[in-house]
Amino acid sequence: MDKIIFKNKGVPDLHKIDVYRGLGGYTALGKALSLNPEELTRLVDESGLRGRGGAGFPAGAKWKLLMKYKVKTVYLICNADEGEPGTFKDRYVMEFDPHLLLEGMAIAAYATGAHHGFIYIRGEYDWIAKILVKAIEDAQTKGFLGSNVMGSDYSFYIDVFRGAGSYVCGEETALIESLEGKAGRPRLKPPFPAASGLYGEPTVIHNVTTLSYLPFIVENGPEAYRAIGEGWSGGTTLFSISGDVNKPGLYEYPMGTSLKKLIYEAAGGIRGGKNLKAVIPGGLSSPILKSDEIDVAMDYQSLNSVGTMLGSCGIIVMDEDTVIPVITQKTARFFAHESCGQCAPCREGTNMIRHLTERIVAGKGCSDDIDQVLRLCRYIRGATICAFGIAATLPIEAMIRKFRGEFEALLI
Amino acid sequence: MIDENIRQTIEGIVKKLPCRDTAVVPALSYIQKVNGHISESDMEELAVILQFPQARIFSAASFYSMLKLRPKARYHIQVCTNVSCSLLETEPLIDYISGKLGIGNGESTSDGLFSLESVECLGSCGYAPAMMINTDHYENMSFDKVDEIIDKIRRNKMDEL
Ligand SMILES: Cc1cc2nc3c(=O)[nH]c(=O)nc-3n(C[C@H](O)[C@H](O)[C@H](O)COP(=O)(O)O)c2cc1C
Ligand code: SF4
Ligand code: FES
């Protein structure tokens, strides 16, 4: 009962429209079309559904924001850029249950008045993009997308857009720039996409997984969704578990499930019977937890209270042999590589941090290097256009604060 | 060079989209798919087809890591060196491949068959270590699997000759 996204996991040929329909697929869309958009928005708002892209913003609130602007054309964008290291959830939905996403998109489109949608999928997921294109064709042939959706006077078209390799394009305004044929550099906010997004029109952007919860919520009601999970972190979530565990993979559990339980029960504990050293709980941009901090519920508030975040729910597990400065150096290299270069503090700062951490790991660091990294982190944060500046610095800071001794041991 | 087939495909892409701006990245990707890489003259011709200033096309083309402005080998191997993959490696996968092919990160073999590049997370962290060859993903990699894949490509190449 506690499975929403995984409800039909493992059913052979689930990606085919007839199989999906045979399991009750697209009935939620029919129900959604029988409501008016305001009622539908209220229903999603009451469910408390939060965005699974990383920020956890309430979906209903985003839609209500849009209503103010809904005098013009509205666009719906599905964010399938999935670039956060340690995260591999959206690809499951798109590869194995693509109609769940399409049904969710059609529901969101009807509620927000969008007639055109895009799925922005990362370029590396080439085979999945093909599955989506086929699924859209089939849904259109059977009347679930296109003109007169399910016999109504509502029309909704979806295009698949393949990205071309850029982490920052997962940021919603960079994604819009990329869709407009430009380099993917984030825009200053405000205006938010709800006011001025794609082609300057009001735009709703949601993560793949967020949209895929909509059919369940419409079909079973907001209470059924809220009944799973904890407080304002309702529903289930998809946890991507990777690193030093016996059974890495994708798991669906209620929000608020203990991190310890996820590591030791779902993922079968640490590889080779080793001890745990540290865990990154919400994708590489979330601050690291030490092994004695894992008795924590995986929900927004609990993780915030221990100084980290749920992020994209990508859990990276590290055993006792892990050298944290090496992880820090890889983290620094990643962010230096992916900075779009538009803000000097981010562009220069991430590169300086990369050089310093490389120097430390090479055993050539001087006594001030560690503090210099911490200072740079502080300078970058708050001085940038997009949240990349935060994502690039919080994890580095936490690794140094919690494992400082390991860094000091490497200095000359 | 943008031949008639590429031109028609690009015009088809433009027609399907609500706005021709959106055609820039798909058009560049398609040129690369057919020509192997995107040359300067390709970008100039694309600017004419899409009626955008050249600078706009150049700026987009140079931003994305998957768009290649220089020729690459026939089999472009990209190995993930991000955190989850590296946790599962005893010796880095990229070092093994580098030794096997006798080329460094960013280099190509002299016969133009293979090139090697380290990349960031491929979204395969749960099935690590991971790599890509051209557009195909390879997951749960081991040195044996690398041998098998590379040797197979070499054998097929021999058969072609
Ligand atoms: C640097 C950066 C990278 C991001 N990458 C992604 C991503 O790959 N996928 C995603 O869904 N959201 C990503 N986001 C969050 C999006 O900006 C946006 O909040 C999200 O798509 C909204 O959808 P949601 O409300 O359904 O979560 C990223 C944000 C930042 C700052
Ligand atoms: S913070 Fe970094 S990634 Fe974001 S806009 Fe500035 S330079 Fe680009
Ligand atoms: S870390 Fe290698 S695929 Fe994600």
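What you see is a predicted model, and the numbers here were worked out from it, not measured in a lab.

Draft legend 1. The overall build of chain A, seen in detail. For chain A, the helix and strand inventory stands at 17 helices and eleven strands. Dimensions of chain A along its principal axes, counting C-alpha atoms only, are 75 × 45 × 35 Å. By residue count, 60% of the 412 residues in chain A fall in the buried class. Accessible area of chain A: about 14600 Å², with a carbon and sulfur share of 52%. On chain A, the mean spot of the 45 positive side-chain charges and the mean spot of the 47 negative ones are 2 Å from each other.

Draft legend 2. Inspection of the interface of chain B and chain A at higher detail. Listed per partner, the contact involves 36 residues of chain B and 51 residues of chain A. When chain B packs against chain A, the two sides together hide about 3400 Å² of surface, and 60% of this comes from carbon and sulfur. Taken together, the connections running from chain B to chain A amount to three salt bridges. Among the ionic pairs, A:Arg333 bridges to B:Glu120, the shortest N-O distance being 3.2 Å. The interface formed by chain B and chain A contains 20 residue pairs in polar contact (both at pLDDT 80 or more). Contributing elements (two or more residues each) for the side of chain B that touches chain A: α2 (24–35), α4 (54–63) and α5 (83–87) of chain B.

Draft legend 3. The sheet that holds strand β7 (residues 236–243) of chain A, seen in detail. Read across the open sheet, the five strands follow the order β8-β7-β11-β9-β10 (chain A); overall the sheet is mixed. Where the open sheet ends on each side, the last strands, each with one partner, are β8 (249–254) and β10 (289–290) of chain A.

Draft legend 4. Broad picture of the packing of helix α3 (residues 37–47) of chain A against helix α4 (residues 59–67) of chain A. All names here are of chain A. One way to put it is that α3 packs onto α4 with a least axis distance of 7 Å and a crossing angle of 150°. Regarding the angle of α3 to α4, the classification is roughly antiparallel. Regarding α3 and α4, the two cross each other, and that crossing is left-handed. Residues Glu38, Thr41, Val44 and Asp45 of α3 form the contact with α4, whose own contacting residues are Ala59, Gly60, Ala61, Trp63, Lys64 and Met67. Here the residues of the contact of α3 with α4 sort into five nonpolar, two polar and three charged.

Reading the values: rules and limits
- Residues numbered from 1 in each chain as written.
- Chains lettered and ligands numbered in written order.
- Predicted model: local features only at pLDDT ≥ 70, side-chain atom pairs only at ≥ 80, totals over all residues.
- Heavy atoms only, no water.
- Helix = DSSP H or I, 4+ residues; strand = E, 2+ residues; numbered from the N terminus.
- Buried < 20%, exposed > 50% of the residue type's maximum accessible area, 1.4 Å probe, protein only.
- Areas by Shrake-Rupley, 256 points an atom, 1.4 Å probe, with all protein chains shown as cover.
- Lys, Arg positive; Asp, Glu negative; His and termini not counted.
- Charge placed at Lys NZ, Arg CZ, Asp CG, Glu CD.
- Contact = heavy atoms within 4.5 Å.
- Buried area = accessible area lost by both parts, 1.4 Å probe.
- Salt bridge = Lys/Arg side-chain N within 4 Å of Asp/Glu carboxyl O.
- Polar contact = N/O pair within 3.5 Å; in protein donor to acceptor, adjacent residues only side chain to side chain.
- Pairing = 2+ DSSP bridges.
- Axes fitted to C-alpha atoms, helices over the stretch in contact; angles between N-to-C directions.
- Parallel < 35°, antiparallel > 145°, perpendicular 65-115°, else oblique.
- Left-handed = near helix turned anticlockwise from the far one by under 90°.
- Nonpolar A, V, L, I, M, F, W, Y, C, P; charged D, E, K, R; others polar.

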